[in-house]
Amino acid sequence: MQKALFVSGKRKYLFCGDQNGMEILQPVIDLAVEKNAPYEIYSEEQPLFDWLNRQKMGCYLYIAAKWDKLHSLKKLTEEVGFSEEEAQYIGYGERLVNVFCCRCHGISKVILQETLEIACNDCDLHLEISDHYSSLKNAYLGYVAKL
Ligand SMILES: [Zn+2]
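Predicted model only: the values in this text are computed from it and were never measured.

Rules of the game
Residues numbered from 1 in each chain as written. Predicted model: local features only at pLDDT ≥ 70, side-chain atom pairs only at ≥ 80, totals over all residues. Heavy atoms only, no water. 1 Å grid on protein atoms, 1.4 Å probe; cavity = no way out; pocket = protein on both sides within 12 Å on 5 of 7 lines; lining within 4 Å. Points joined across faces, edges and corners; volume = space filled by probe spheres on them. Helix = DSSP H or I, 4+ residues; strand = E, 2+ residues; numbered from the N terminus. Nonpolar A, V, L, I, M, F, W, Y, C, P; charged D, E, K, R; others polar. Domains from an automatic or database assignment. Donors = N, O, S within 2.8 Å, 3.2 Å for Na, K, Ca; no water. Tetrahedral: all angles 85-135°; square planar, octahedral: opposite > 155°, others 65-115°. Pairing = 2+ DSSP bridges. Axes fitted to C-alpha atoms, helices over the stretch in contact; angles between N-to-C directions. Salt bridge = Lys/Arg side-chain N within 4 Å of Asp/Glu carboxyl O. Buried < 20%, exposed > 50% of the residue type's maximum accessible area, 1.4 Å probe, protein only.

**Q** Teacher, can you tell me more about the layout of surface pockets here?
**A** Picture a little ball the size of a water molecule; that probe, rolled over the atoms, points out where space is still empty. In this structure, the largest pocket occupies an estimated 720 Å³ of space. Every element with two or more residues in the lining of the largest pocket is listed here: helix H3 (67-80), strand E4 (87-92) and strand E5 (95-101). In terms of residue class, the lining of the largest pocket is built from nine nonpolar, six polar and nine charged. Formed jointly, the lining of the largest pocket draws a minimum of three residues from each of two domains, domain 1 (12-92) and domain 2 (95-144).

**Q** Just checking my understanding: could you explain the coordination of the zinc ion for this structure?
**A** Ideal values differ by geometry: the angle at a metal is 109.5 degrees with four tetrahedral donors, but 90 or 180 degrees with six octahedral donors. The protein atoms that coordinate the zinc ion are Cys-101 (SG), Cys-104 (SG), Cys-120 (SG) and Cys-123 (SG), at distances spanning 2.3 to 2.4 Å. Here the zinc ion binds four donor atoms, and the angle range of 104 to 113° at the metal identifies the geometry as tetrahedral. Positions of the donor residues of the zinc ion along the chain correspond to the pattern C-x2-C-x15-C-x2-C.

**Q** Help me out: how do you make sense of the domain arrangement of the protein chain in this one?
**A** Accessible area lost upon the coming together of the parts is a frequently used measure of interface size. For the protein chain, the assigned domains read domain 1 (12-92) and domain 2 (95-144). Here domain 1 and domain 2 have C-alpha centroids that lie 30 Å from each other.

**Q** Help me understand the sheet that holds strand E6 (residues 107-112), please; the structure alone is not making it clear to me.
**A** Strands sit in the order E6-E5-E9-E8-E7 across an open sheet of five strands; the sheet is mixed. Sheet topology places E6 and strand E7 (117-119) at the edges, where each strand pairs with a single neighbour. Looking at each pair of strands side by side, their axes are set apart by 50° on average, direction ignored. Summarising the sheet, E5 and strand E9 (residues 139-144) pair through three bridges and their orientation is parallel. Residue pairing in the sheet places Phe-100 in a bridge with Leu-141 of E9.

**Q** What am I meant to see in the pattern of salt bridges here?
**A** Where side chains of opposite charge bring their charged atoms close, a pairing between them can arise. Summed over all chains, the structure comprises three salt bridges. Lys-12 is paired through a salt bridge with Glu-40; the nearest N and O atoms lie 2.7 Å apart. A residue pair is termed long-range when its members are at least 10 positions apart, and Lys-12 in strand E1 (residues 12-17) and Glu-40 in strand E2 (residues 39-41) qualify at 28 residues. Overall, Lys-12 belongs to the partly exposed group, its relative accessible area being 21%. Ionic pairing is found between Glu-40 and Arg-54, a salt bridge with its closest N-O pair at 3.1 Å.

**Q** Sorry if this is basic, but what is going on with the pairing of strand E8 (residues 126-134) here?
**A** Successive residues of a regular strand alternate their side chains across the two faces of the sheet. As paired strands, E7 and E8 are joined by three bridges and run antiparallel to one another. For Glu-117, the partnering residue across the bridge sits in E8 and is Glu-128. Where E7 folds back onto E8 in an antiparallel hairpin, the turn is made up of six residues, including Asp-124, whose phi is positive at roughly 70°. Of the pairings in the sheet, the one linking E8 to E9 comprises five bridges and is antiparallel in character. Bridging from a neighbouring strand, Glu-128 pairs with Tyr-143 of E9. Linking E8 back to E9 in an antiparallel pair, the connection comprises four residues, with Asn-138 at a positive phi of about 50°.

Structure (structure tokens):
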């Protein structure tokens, strides 16, 4: 499981998460409280877009959600104007990813867990999932696994 890291020196901290997400964020919220830093926790009374949109410059955003929801949340925050340096995304739960086969160029959908090795859905080649992500293919590149 990913952990949220406290980034100090920000003007204000924003926290957004579902129930499990808030548990993941709690240590960082505790740190913000300890350091007397201004912070705000998102409540679902208003649309997330509006909440983010009315925040001023210099805010730092934490979002913790299930992997399958995290991608759309990230898109939304980028639309509002948060850059990679102004936000942290923490995913939890099962993570469905695409793996690009280096031999047949097929895409295998796998649930990413402890194991980082799979067999290609198309050609059955034993693949090692690398951390090279291709946004063009929306997939992680799979290399021939060393046996
Ligand atoms: Zn293949």
